[in-house]
Each structure stands twice: as structure tokens, then as C-alpha cells.
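A closer look at the structure
Spelled out, the chains give:
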Amino acid sequence: LSVGRAVLAALRERLGALCWSLAPLSLPLSLSLPGWRDSPPRPQREQEGDDAAPTPTSVNYHFTRQCNYKCGFCFHTAKTSFVLPLEEAKRGLAMLKEGGMEKINFSGGEPFLQDRGEFVGKLVQFCKQELELPSVSIVSNGSLIRKQWFEKYGEYLDILAISCDSFNEDVNVLIGRRQGKKNHVENLHKLRQWCREYAVAFKINSVINRFNVEEDMNEQIKALNPVRWKVFQCLLIEGENSGEDALREAEKFVISDEDFDRFLDRHKDVSCLVPESNQKMRDSYLILDEYMRFLNCRNGRKEPSKSILDVGVEAAIKFSGFDEKMFLKRGGKYVWSKADMKLDW
């Protein structure tokens, strides 16, 4: 059933794009499939094309929603199992490069689930070798990464970000960041060593929530010495981790702004700390979903544009809700190519 729905969704996107392209002819075309919500109307500025489209300098491509973990606050959940064919994904990435993309970040779901990491490996190699992008990165929970992957694709990867919300395994179990008996923290240290061996910049992402907000991570983060420690405030997105049609119930993980500030103050001496509150995070990321649609989060849920594969980057990005000024204000553009980093591998 999930595969059938994914196929129907893909067909609907293509047919919807056809209707859009025929709209100027005033043809009375309307598409609707039972059980599927119509995409929200395009904002007036997209219909008229008056405003200049933002540049997709840094793009987060969530090419899969499937994951082997069940983090309770996840805001990009496994609502479909769809993954674009490799050549279509490459075509879209080439379009983004032509539109001004300098950095691509592959995420999920869990990127290493698809073809045991070969899919994301081939995309990483394509972006660095063929597109010659300054920065190629991956966000992963790290549980499925093998040393052989680094041997094959490590030279093409600038940054590997591993999600780690706690250095207490009991807390990781409460959050859902674990599968089987594998110790998440022990695996984190192993990945850190592989990044040193294969000259990949190592980064840590942490979501601060009710279960880890009182934790002191100073010692562990300084020992791991990542190039960046991105610290997020737990965020609610309707339809993903909040609301009737959501696959998660993240309300119990939410913390106040004051709680988040206290956590940041406790770790203010960590030089690699990069904090991101809900306000900074919501509109300052360009998120591309598994169909290569930009996701607009301004209304508290993820509203998709048309696919860039159907309408092009400029037309799709106008619906993204992307706040370019906030992107720059939160430090979204930094030294992100490992060739420019002065690192002691």
C-alpha cells in the first residue's frame, strides 16, 4: 500500500505540473486523487513572479524518509518510502548547481539505509567530482556506516554530521535513538576516528529536549572535538511530529525558550557550539523532500512546492518560504569545504 501511494503521489506531481504549465491557456483542468490532499495554493508572488527568487546557496536534500531509529521528536518522518531513481536525483542536483548551489547536505530519514549507503555515496561522488561543489555533507545517525564506505567515498565528502542527543545510553533509549543492542555513544567515537583517518570533517548535531536539557555535555564534546556542534531546540511541525495525522507525538519533548537558554549557558565555553532556536531554524533552511519539492515551514507544517524536476529551481524556490537574511544571520554560510579547513586530522 505504501509503495502504491508513493507511485500515485509521483504521478500526481507530474500531472499537477502539466496542469500548472497549461494554466495560462485557461484550460479547466483539475486533478484530485481520493485520500490525497491538494497542495496549498501558490502565494501571489509565485503566480505573478514579481519577486526575485532566492539563491539556493545551501540545500538540504532529504532524499529518503525511511529510518532505522524512532526518535520521538523527529520532524521529517517516514510518511512515504519513495526514493527518486539515481539519475533523476543527479539531474535535479545539476539543476540546483546551475541555480547557484554551493553546498549540498544529504539527510533523511537515514541516508545510509538506501542500498547500504551506495546511493548516497554515488550522490556524494557526483556532487564533488562532476558538479565540483565546494561542500558536500551528510547528516546520519551513524549506525549503518561502515569503514568500507569511507574507503570508497570518503575523499568526496567534506563533512559528516552525526546526530547525538545524549551521552547517557538510557536517555538515548528514551528518545528512540537506538536500534538493537548497539551502543550509540561508542559508535560515535568509532566514527570520529574514521573521520580522522579519511580526512572528513566531523560534526555533531543535538536536539535539546525534555530528556536531555539538564545534561552537562562539556567534557564529552570537547573530547570529541567536532568542527561544529549544532544544538537545536526541539521543534514541532504539524503533520510530522505533531497533530492528528502525525507519525510522532513530540509534545512531550518540547522545552521552553528559557530552558534552551539555560542549556546554552551551561555550554557557553564550548568553542564549536552553534545554537539554533526554533525562531532561527524554521525559515532559514532550504529543505528539499524526496520528490525534490521545497518545503515551506512558515505556517508550522511542511507545505510542498512543485518539484524542481517539473518546473525548474526558480519557480519552485519562490514557494519555499526561505528567509535568506536569517540564513546568513544564524551563520548558515561558513568555511564548509574541507580544502579550506585547517584541521588536525
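Residues numbered from 1 in each chain as written. Predicted model: local features only at pLDDT ≥ 70, side-chain atom pairs only at ≥ 80, totals over all residues. Heavy atoms only, no water.

To keep it simple, the criterion reads: UniProt positions are given in the numbering used here, feature names are shortened, and annotations may be inferred rather than shown by experiment.
Where an unreviewed UniProt entry is consulted, the chain appears under the name S-adenosylmethionine-dependent nucleotide dehydratase RSAD2, with the organism given as Setophaga kirtlandii. Under the Cofactor (unreviewed entry) heading, UniProt states for the chain: "[4Fe-4S] cluster".

Notes on the pairing of strand β9 (residues 293-296)
Using the following cut-off: Partly exposed describes any residue whose relative accessible area lies between the buried limit of under 20% and the exposed limit of over 50%, with all areas from a 1.4 Å probe on protein chains only and scaled to the type maximum. Helix and strand assignments follow DSSP, with helices taken as H or I runs no shorter than four residues and strands as E runs no shorter than two, numbered in order from the N terminus. Two strands qualify as a pair provided DSSP detects at least 2 bridges between them.
Taking every second residue as pointing to the same face, both faces of β9 are buried, with R293 and L295 on one and F294 and N296 on the other. Where β9 meets strand β10 (residues 303-307), three bridges bridge the pair, whose relative direction is antiparallel. If you follow N296 over to β10, its bridge partner there is E303. Counted along the chain from β9 to the antiparallel partner β10, the turn is six residues long, and its residue G300 has a positive phi close to 85°.

Some remarks on the environment of T77
Here is the rule we go by: The contact criterion used throughout is that any non-hydrogen atoms of two residues lie within 4.5 Å. Polar contact is defined as a pair of N or O atoms within 3.5 Å, subject to the rule that within protein one atom must be able to donate a hydrogen and the other to accept it, and that residues adjacent in sequence are counted only when both atoms are side-chain atoms.
When you line up the elements, T77 lands in the loop between β1 (58-62) and α3 (86-98). Taking relative accessible area as the criterion, T77 reaches 2% and is therefore assigned buried. Counting along the chain gives 32 residues from T77 to G109, while the straight-line C-alpha distance between them is 6.8 Å. Leave out the neighbours within four places in its chain, and T77 touches R65, E240, L247 and R248. A distance of 2.9 Å separates a polar atom in the side chain of T77 from a polar atom in the side chain of E240.

Some details on the pattern of salt bridges
To be explicit about the condition: Just to be clear on terms, a salt bridge is a Lys or Arg side-chain nitrogen sitting within 4 Å of an Asp or Glu carboxyl oxygen.
Taken as a whole and assessed by the stated rule, the structure comprises 16 salt bridges. E88 is the partner of R91 in a salt bridge, and the nearest nitrogen-oxygen pair spans 3.1 Å. Placement of both R91 and E88 in helix α3 is noted, with a separation of three residues, approximately one turn of the helix. Under the relative-accessibility criterion, R91 is labelled partly exposed at 34%. Judged by relative accessible area, which is 22%, E88 ranks as partly exposed. For E197, the salt bridge goes to K147, with nearest N and O atoms at 3.4 Å. In this pair, E197 is assigned in helix α7 (residues 184-197) and K147 in helix α5 (residues 147-153), connecting sequence segments 50 residues apart.

A look at the environment of F232
Looking at the element boundaries, F232 is found in strand β6 (residues 228-233). It is 9.0 Å that separates the C-alpha atoms of F232 and N209, two residues lying 23 residues apart in sequence. Ignoring any residue separated from it by four or fewer positions in sequence, one finds F232 in contact with N205, S206, V207, I208, F260, E276, M281 and Y285.

Points about α7
Condition: To estimate how far a helix should extend, the number of its residues minus one is multiplied by 1.5 Å. This arc describes the spread of directions from the helix axis toward the C-beta atoms.
Between the first and last C-alpha of α7 there are 20 Å, a value that for 14 residues agrees with the 20 Å anticipated at 1.5 Å per step. Looking only at α7, the buried set comprises H184, V185, N187, L188, L191, R192, W194 and C195. The arc that holds every buried residue of α7, seen down its axis, measures 170°, which confines them to one face. Turning to α7, the residues buried within the fold contact α5, β4 (159-163), α6 (169-175), β5 (201-208) and α8 (218-224). The positive-phi residue at the C-terminal boundary of α7 is A199, with phi of around 55°.

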